[in-house]
Amino acid sequence: MMIKLQAKDIIFGYDSNPILENVNFEIAPSRLVTIVGPNGSGKSTLIKCIDRIVSPQGGSILIDRKDVTKMSRMDVARYLSYVPQSSVRIFPTNVFDTILMGRRPHIGWLGSEGDEEKVWDVLRLLNIERLAMSNFNELSGGQQQKVLIARALVQEAEVMLLDEPTSNLDIWHQLDVMNIIRDVVKKREITAIMALHDLNLASTYSDRIIMMKRGRIVAAGDPTSVITAENIASVYRVEAAVRNLSDRPMIMPLRQIKG
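Described below are features of the structure shown in this document.

Let us look at the sheet that holds strand E5 (residues 66–67). Spatial ordering of the open sheet is given by E2-E1-E4-E5, a layout of four strands whose pairing is antiparallel. The outermost strands of the open sheet, each flanked by one partner alone, are strand E2 (17–27) and E5. Here strand E4 (residues 58–63) pairs with E5 via two bridges, running antiparallel. From the neighbouring strand, Leu62 faces E5, where its bridge partner is Asp67. This element, helix H1 (residues 43–50), spans strand E1 (5–14), E2 and E4 of the sheet and lies at about 65° to E2.

In this structure, Glu189 is a non-glycine residue whose phi angle is positive, near 55°. Locating Glu189 in the fold gives a position in the loop between helix H7 (171–188) and strand E8 (191–195). Owing to a relative accessible area of 63%, Glu189 belongs among the exposed residues under this scheme.

Here we take up the packing of aromatic side chains. Evaluation of the coordinates by the stated rule reveals two aromatic pairs. Look at Phe96 and Trp120: their rings are 5.3 Å apart centre to centre, the planes differ by 50°, and that puts the pair in the tilted class. On the criterion of sequence distance, the pair formed by Phe96 in helix H3 (residues 95–100) and Trp120 in helix H5 (residues 113–125) is long-range, its members being 24 residues apart. Residue Phe96 is classed as buried on the basis of its relative accessible area of 8%. Assessed through its relative accessible area of 29%, Trp120 is described here as partly exposed.

What counts, and at which threshold
Residues numbered from 1 in each chain as written. Predicted model: local features only at pLDDT ≥ 70, side-chain atom pairs only at ≥ 80, totals over all residues. Heavy atoms only, no water. Pairing = 2+ DSSP bridges. Helix = DSSP H or I, 4+ residues; strand = E, 2+ residues; numbered from the N terminus. Contact = heavy atoms within 4.5 Å. Axes fitted to C-alpha atoms, helices over the stretch in contact; angles between N-to-C directions. Buried < 20%, exposed > 50% of the residue type's maximum accessible area, 1.4 Å probe, protein only. Phe/Tyr/Trp six-rings, centres within 6.5 Å; stacked < 30°, edge-to-face > 60°.

Below you can see the structure in the form of structure tokens.
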């Protein structure tokens, strides 16, 4: 298997509080990979370690066999783009300029006509060109998420990282955002890695799922092998019914497992 991104023995924590412990995985090119797990399992921290928002205290992260932990911040941005959670979506600019920020790893602070055309290309790709001159902070949650995905796409990185991309969105906009992510992975042949809470969304859209508990990977593979009643009981302490729908496992939570 060709390997696009690899994590080797990643360790991270604050003071005496370990968050990630010896995390290892390999991801092939042009895949949509979802990291799932309970609150506090280390999903978002792992995404941030990959993007060097925080620095692992041990281990290495390789993209095309190059060690991300030894790259400059600008070099990291040429390989990896990042879509943050909704709680940090604050840009006092219009949509066009917000997306244009994604070109900075290639152009610094001075854009060109070619860079502006790339912005229009992703606006058209996501069907949001009508929002180009709108104030980012006045958009709905779903519109903001599309703009942040557009900003990541115009960066032209080979791996896109997304931290809870459907949080605070209604079900229609959740599906809209997930369809966009799946489509750009296929059309642009990039790799997308996202942290997600919703197991059914993860099962529906992912090529591969990584399930975490207390900073460790407890299962990894295709949705059918990871989204099982046994894994849900062990990791989430929830009894659930799991049924296949269109060859994808779907879950219905039944009850908490006490004690």
